[in-house]
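Architecture at a glance
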Amino acid sequence: MNPTLGWTELPGKLAGRPLEEWNAAYAKVESYFNALRIRNKVLLGQLVALVIERALRRAPANPQRAASELAAEEMDHVVTEWFAEVLHEPPTNRDQMLSTRGRLALLLADMPGKWQDQFLRPGPWPDEFVRAMRDAYLRAGPDFQLSQMAPRPLHLGPITTLSSIRKVRYSKMIGIWILFAALLIALFVLTHR
């Protein structure tokens, strides 16, 4: 047992937290890797254990934070660091974009289908894999940019005219309908003589 990971604590506790909390963190990390289509059970178990071990190391220094929260942060750090190495993109304050575009590159390069064993593995990686990831990463860009559009009034066409009819008084409306009926009767009489 590794005392630095908190294995020597009371039964039912690990790194100062109940085991149920760590089991929930394990399930979340496993679900995340499943979402990235990691289907190799052995690899999946190793990756989840790596993330949980990093979260366990941080847990004593962060007693107020939930195990799932620590595990989620470590999971994102592990994946983002790996993307930075594979893609030669230094992690900066834009780590979220690197993580997002990296995950998209994983799927575009078909990492789950062709190179699943390379996921989160330290380099060197096969050239074909690196090339596919970098090409897919470039296709995943460019970065989103904010744009501004000036609001313009909507032109509704004939609907605007129809909606203005309801503003006509009832007496005027009755007069218009009487004139319209008289016109129809006159047309009928003129055409049927």
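Coordinates for the structure precede this section.
Residues numbered from 1 in each chain as written. Predicted model: local features only at pLDDT ≥ 70, side-chain atom pairs only at ≥ 80, totals over all residues. Heavy atoms only, no water.

A word on the overall build of the protein. Within the protein, the secondary structure is distributed over eight helices and two strands. Listing the helices and strands of the protein from first to last along the sequence gives β-β-α-α-α-α-α-α-α-α. Residues classed as buried in the protein amount to 31% of the 193 residues present. Once local pairs closer than 6 in sequence are excluded, the contacts in the protein between residues at least 24 apart make up 59%. (Helix = DSSP H or I, 4+ residues; strand = E, 2+ residues; numbered from the N terminus. Buried < 20%, exposed > 50% of the residue type's maximum accessible area, 1.4 Å probe, protein only. Contact = heavy atoms within 4.5 Å.)

A few words now on a nonpolar patch on the surface. The grouping of W177, F180, L183, L184 and L187 at the surface amounts to a nonpolar patch, some 540 Å² of accessible area in total. Here L184 is to be found in helix α8 (residues 170-191). Overall, L184 belongs to the partly exposed group, its relative accessible area being 46%. (Patch = residues over 30% accessible without salt bridge, like charges linked within 9 Å, V, L, I, M, F, W, Y side chains within 5 Å. Areas by Shrake-Rupley, 256 points an atom, 1.4 Å probe, with all protein chains shown as cover. Salt bridge = Lys/Arg side-chain N within 4 Å of Asp/Glu carboxyl O.)

In this section: the environment of A136. Note on placement: A136 falls in helix α6 (residues 127-139). Sequence separation between A136 and A105 is 31 residues, and the spatial gap between their C-alpha atoms is 4.7 Å. When neighbours within four sequence positions are excluded, A136 is seen to be in contact with A105, L108 and A109.

The subject of this paragraph is the pattern of salt bridges. Under the defined criterion, the tally for this structure stands at eight salt bridges. Here R57 ties to E53 by a salt bridge, and the two come within 3.0 Å at their closest N and O atoms. Of this pair, R57 and E53 both sit in helix α2 (residues 41-58), separated by four residues, roughly a single helical turn. Put simply, E73 and R65 hold a salt bridge, and the shortest N to O gap is 2.0 Å. Taking the relative accessible area as the measure of exposure, R65 reaches 18% and is therefore buried.

In this section: the packing of aromatic side chains. Scanning the entire structure with this criterion turns up eight aromatic pairs. Aromatic pair W82 and F119: ring centres 5.3 Å apart, planes at 75 degrees, arrangement edge-to-face. Of this pair, W82 sits in helix α3 (residues 67-87) while F119 is found in the loop between α5 (111-114) and α6, placing the two residues 37 residues apart along the sequence. Judged by relative accessible area, W82 falls into the buried class, the value being 4%. Looking at F119, the relative accessible area reads 1%, which means it is buried. Taking the centre distance of 5.9 Å and the plane angle of 85 degrees together, the rings of W177 and F180 count as edge-to-face. Separated by three residues within a single helix, W177 and F180 lie in helix α8, roughly one turn from each other. (Phe/Tyr/Trp six-rings, centres within 6.5 Å; stacked < 30°, edge-to-face > 60°.)

Attention now moves to the nonpolar core. Core analysis: the biggest nonpolar cluster contains 44 residues, and W22, F33, I38, W82, F119, F129 and M133 have the highest contact counts within it. When contributions to this core are tallied by element, the ones reaching two or more residues are α1 (19-35), α2, α3, α4 (95-108) and α6. A per-element tally of this core places α3 first, with eleven residues. Every residue in contact with W82, bar those within four places of it in the chain, is listed here: L106, Q118, F119, L120, R121, W125 and F129. (Core = buried A, V, L, I, M, F, W, Y, C linked by side-chain atoms within 4.5 Å.)

Shape is all these values report; function is a separate question.
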